[in-house]
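What follows is the residue order along each chain.
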Amino acid sequence: MKEGFNVQGKQQDITNWNFRMFYFLIFLGLGSLYPLLAVYLDEEVGLTGSQIGTILSVSPVVMIVIQPLWGMLSDWTQKPRLLLTIAILLTSVIGFIYSLVDVYILLFIMAILLAAVQSAVTPLSDSITLNYVQKVKGNYGSIRLWGALGFALAVIIAGGLADSFGLTIIFYLFSGMLLLSFLFSWKLPEENQALRANLFSGMRTLAKRPRFLLFLCTTFLVFGPIFANNSYFGLFIKDIGGTLTGVGIAFLFAAGSEAPFMQFANRFIQKIGMLQVLTLAATVSMLRWFFYFFEPSLYLVYATTIAQGFSVGLSIPAALQYVRDISPKEVRVTAVSIYAAVGSGLGAWFSTYIGGLILQYYSIKNVYLFFGILTVLGITSLLAVARLDYVKRKAGLQVEPR
């Protein structure tokens, strides 16, 4: 019996290692490409600001449409691991082809194709991982943390190599790392878990909840600039005198600071409350965007990148928990799906696209002024949500449905 437990424990250790290496390599690839993609489109291809904004903003829109289709296909085939490996391979191939084109319309098409296949990677891999850790009573965070480590390392490595060999290398790193992760994806367990969420069945119920609708506005206005910043931060660093290596250093500090705050987010939420945490995090984001408008020195920008860890590391878990708490149990999956679509989808698209127009006709510092104004509106919406919570508590109504 003891020998059987040892064998099972060794197999679990091997599986955990495969998961960690898979996430590390996937995010090493993503971190090599996306933080420097805007710089590549600007310096290597010579696109205008509006063209860059259009290409960067197409990805979240495509993902909103395509992700549910991958989920339905997974439900139908019950083979998420096979679909994941196919999606990774296609993403690697399309990423390489992306580097071979330099015409705007072709780049736009490549961005659509890349988003369509890449949109399967995160939900399918997270579904497999979550189902596995629930079965073995493991820790999802200890596995997913390797993704954050991979992303943080990627930006500094890619920036240094791009300085030496040119920006096109970011596509080779992206494709190469995904090919390596493809090898590990085959070794993941065949775990099945439904990914499909009906975005329409619960809309009527949620539409009758003013707090939910107001919180969607907050999500759109606060998270949109946060996600769009990943596209424009590299251009900002270059504009104030940084090198491509400097872009990597800035992203290393910013992305690397998120994990510690995420680790303590729940404790902080329990201590001061979800809305208070969200308001504080949004305020830090707002101050950061306005600070960048005044084009501070490069070293001050490096010093303030920890603000991303604070704002993102605290706001993401707090917002997700709040959405779940204010939604009836029977429509929570729908509520979370809509919340994700509005924040990382529509909000990111709007902020990225309008940011591109502002970049073309004004400057990168005005893009951050725009982000700051959006966040101010988001904080105002968040305060309205807090006011509705207060009114419900004063009236003796239940604020957090269970």
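Since the structure is predicted, the reported quantities are computational estimates derived from the model, not experimental observations.

Definitions and limits used
Residues numbered from 1 in each chain as written. Predicted model: local features only at pLDDT ≥ 70, side-chain atom pairs only at ≥ 80, totals over all residues. Heavy atoms only, no water. Helix = DSSP H or I, 4+ residues; strand = E, 2+ residues; numbered from the N terminus. Rg over C-alpha atoms; globule rule 2.2 N^0.38 Å. Buried < 20%, exposed > 50% of the residue type's maximum accessible area, 1.4 Å probe, protein only. Contact = heavy atoms within 4.5 Å. Phe/Tyr/Trp six-rings, centres within 6.5 Å; stacked < 30°, edge-to-face > 60°. Lys NZ or Arg CZ within 6 Å of the ring centre and 35° of its normal. Core = buried A, V, L, I, M, F, W, Y, C linked by side-chain atoms within 4.5 Å. Expected span 1.5 Å × (residues − 1).

Chemist: Looking at this structure, how should I read the overall build of the chain?
Modeler: For the chain, the count of helices and strands is 16 helices and zero strands. Radius of gyration (C-alpha) of the chain: 21 Å, near the 21 Å computed for a compact globule of 402 residues. Sorting the 402 residues of the chain into buried and exposed places 52% on the buried side. Relative to all contacts within the chain whose residues are 6 or more apart in sequence, the contacts with residues 24 or more apart total 85%.

Chemist: Where do I start with the packing of aromatic side chains in this structure?
Modeler: The way to describe two aromatic rings as a pair is by their centre distance and the angle between their planes. Counted according to the given criterion, the structure contains 32 aromatic pairs. Centroid distance Trp-349 to Tyr-353: 6.1 Å. Interplanar angle 10 degrees. Geometry classified as stacked. In this pair, Trp-349 and Tyr-353 both sit in helix α15 (residues 332–361), four residues apart, roughly one turn of the helix. With relative accessibility at 33%, the residue Trp-349 sits in the partly exposed group. Positioned above the aromatic ring of Phe-184 is the side chain of Lys-187, whose terminal nitrogen or guanidinium carbon lies 5.5 Å from the ring centre. Lying across the ring of Phe-233, Arg-288 places its NZ or CZ 5.2 Å from the centre.

Chemist: Honestly, the side chain of Thr-85 in this entry has me stumped. Any pointers?
Modeler: On the secondary structure map, Thr-85 appears in helix α3 (residues 80–98). In this structure Thr-85 comes out as buried when scored by relative accessible area, which is 1%. With residues near it in sequence (within four places) discarded, Thr-85 still touches Phe-182, Ser-185 and Trp-186.

Chemist: I keep staring at the side chain of Ser-99 and nothing clicks. Help me out?
Modeler: Mapped onto the secondary structure, Ser-99 falls in the loop between α3 and α4 (104–118). Ignoring anything within four residues of it in the chain, the contact list for Ser-99 reads Tyr-40, Thr-168, Phe-171 and Tyr-172.

Chemist: Looking at this structure, how should I read the nonpolar core?
Modeler: When a protein is soluble and globular, its nonpolar side chains tend to lie buried together. One finds Leu-41, Tyr-98, Phe-215, Phe-233 and Tyr-368 to be the most contacted residues of the largest nonpolar core, which totals 121 residues. The element best represented in this core is helix α1 (residues 2–45), accounting for 18 residues. Ignoring any residue separated from it by four or fewer positions in sequence, one finds Tyr-368 in contact with Asn-229, Tyr-232, Phe-233, Phe-236, Trp-289, Tyr-292 and Phe-293.

Chemist: Sorry, what's going on with helix α7 (residues 169–185) here?
Modeler: In an α-helix, one turn spans 3.6 residues, which is why side chains three or four residues apart end up on the same side. With 17 residues, α7 should cover 24 Å at 1.5 Å per step; its first-to-last C-alpha distance of 24 Å lies within 8% of that length. The element α7 is largely enclosed, with a buried count of twelve among its 17 residues. All of the buried residues in α7 are Ile-169, Ile-170, Phe-171, Leu-173, Phe-174, Ser-175, Met-177, Leu-178, Ser-181, Phe-182, Phe-184 and Ser-185.

Chemist: How should I be thinking about unusual backbone geometry in this particular structure?
Modeler: A negative phi angle is the norm for most residues apart from glycine, just as the trans form is the norm for most peptide bonds. In this structure, Glu-295 takes a positive phi of about 50 degrees despite not being glycine. Mapping Glu-295 onto the fold places it in the loop between α12 (274–293) and α13 (298–304). On the basis of relative accessibility, which here comes to 35%, the residue Glu-295 falls in the partly exposed class.

Everything listed here is a matter of geometry and, on its own, says nothing about what the molecule does.
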